[in-house]
Amino acid sequence: QPHSSSHTAHVQKMSTHPEYLNSFRNISAKLKKRFMRKPNTGEAAEHFRALSVLLRKNGCLSHAAFCCLAAARCEQAMANPLLEAERNVQAAQLFFEAEAEKLHLQAYGFEEDMDDAVCCYEVAVQIYLGVRRTAFAATLYLELGNSLVSFGRREEALQYFIKAAELQNDSPVASVSARTSVLECQVQLGLYRKALDSVTGILDVVACVCYPDRTMDARPSVDFTLELIRECQPGMYRDIVCQCEIYVLLLLMILRPWTKEASEGYKALLRRYRDINGINPNPAMSDDVYFHLQSLVVACEMRDFDSLRAIHGQLWSSLTPTQLDLLAALPERIAD
């Protein structure tokens, strides 16, 4: 939970709205032990929630968040971990809303609301992990990471995306989704070597689905992505591998001359795209996209910047925003 000093500060700020402050104090008073009478914690939790809704409606977002935290403490006292986690998440979302409002009004401060939001998410995650709700915890890490990205705090967000990916071991689809968030964040931060490792991790997850009886040590070393595409049934996993192949190609172009140290499978992928006389062997990729990517490889190796600009326009509607970011970074990288 956010520090008690921060809690006290928000209660003091609430004094500008005396009717809300009095309500908060009246609810808190009901939680004090009375002689021969047990406090009604459940009723207090509901009253804190109702006050939070009222405060939010009146634009007092930080105060509403602290009412949610008060409700979370009530749920903790009643040994309701799932509701306790839910109230912490609600508080975190309100803190983020409060921070966004301050930025909109250009009322810059020390980002204490954002720090409180992160703290609330971490508390909720630990609660879910404590009751073995790993998927819920991973989802919260992703939600927290996305919120931090929206505030421009990508370095911090990356750590939470990585934690989410580490928790998503039971569901291949969820694992791919979390690893894709890691990949996209690494690209935005210019961490291209690590981004390539993340693509490899996504391919490994898909390979475990397509080759359930094969260990990863036994995966094919020659043009791994193409074999994986052919092995997968048409549908989601084949499309994922196809997108990974595009990521690998773009990242290898950006990472030149390090490409010489790439795996044999990735070197085979490069050789395939260098063969401009060959047909498109990829059943998951249109001929137009494949041949444009072949032209991209040739243009990079020849440092043909005019062709690179033309290819960017031709591929614009076929690539994801993150792939387009990589494509846009190519001219500067190959000029070095």
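As the structure is a computational prediction, the values presented were derived from the model and not from experiment. (Residues numbered from 1 in each chain as written. Predicted model: local features only at pLDDT ≥ 70, side-chain atom pairs only at ≥ 80, totals over all residues. Heavy atoms only, no water.)

Draft legend 1. Structural view of the state of the cysteines. Applying the stated criterion across every chain, the model contains one disulfide. Free of any disulfide, Cys60 has its nearest cysteine sulfur in Cys67, 9.7 Å distant. (Disulfide = S-S within 2.5 Å.)

Draft legend 2. Focus on the environment of Val205. Mapped onto the fold, Val205 is located in helix 10 (residues 192–210). Considering only alpha carbons, one finds Val205 and Val173, 32 residues apart in sequence, at a separation of 8.9 Å. Discounting chain neighbours no more than four positions away, the residues touching Val205 are Pro172, Ser175, Val176 and Arg179. (Helix = DSSP H or I, 4+ residues; strand = E, 2+ residues; numbered from the N terminus. Contact = heavy atoms within 4.5 Å.)

Draft legend 3. Examining the nonpolar core more closely. The biggest cluster of nonpolar side chains holds 56 residues, and the ones touching the most others in it are Val206, Leu228, Leu293, Leu296 and Leu330. For this core, the secondary-structure elements that each account for two or more residues are helix 9 (172–188), helix 10, helix 11 (224–231), helix 12 (236–254), helix 13 (264–274), helix 14 (287–302), helix 15 (305–315) and helix 16 (321–335). At 14 residues, helix 12 tops the list of elements feeding residues into this core. Setting aside anything within four residues of it in sequence, one finds Leu330 in contact with Leu250, Met253, Ile254, Leu296 and Cys300. Tyr20, Ala98, Cys120 and Leu158 belong to the second largest nonpolar core, which has 52 residues in total. (Core = buried A, V, L, I, M, F, W, Y, C linked by side-chain atoms within 4.5 Å. Buried < 20%, exposed > 50% of the residue type's maximum accessible area, 1.4 Å probe, protein only.)

Draft legend 4. Geometry of the pattern of salt bridges. As enumerated under the stated definition, the model contains 11 salt bridges in all. The salt bridge involving Glu156 is made with Arg153; its shortest N-O contact spans 2.6 Å. Note that Arg274 and Glu301 form a salt bridge whose closest N and O atoms lie 2.5 Å from each other. Highlighted residues: Arg274 in helix 13 and Glu301 in helix 14, separated in sequence by 27 residues. Note on Arg274: relative accessible area 39%, which makes it partly exposed. (Salt bridge = Lys/Arg side-chain N within 4 Å of Asp/Glu carboxyl O.)

Draft legend 5. Helix 8 (residues 154–167), seen in detail. In this model helix 8 runs 20 Å from its N-terminal to its C-terminal C-alpha over 14 residues, within 8% of the 20 Å that 1.5 Å per residue would give. Within helix 8, the full set of buried residues consists of Ala157, Leu158, Tyr160, Phe161, Ala164 and Ala165. Buried residues in helix 8 make contact with helix 6 (112–130), helix 7 (134–150) and helix 9. (Expected span 1.5 Å × (residues − 1).)

Draft legend 6. Structural detail: the confidence of the model for the protein. Across the protein, the average pLDDT comes to 87, with 89% of residues at 70 or higher. Below pLDDT 50 for its whole length, residues 1–12 participates in 24 contacts with residues either more than four positions away or in separate chains. (pLDDT = per-residue confidence, 0-100.)

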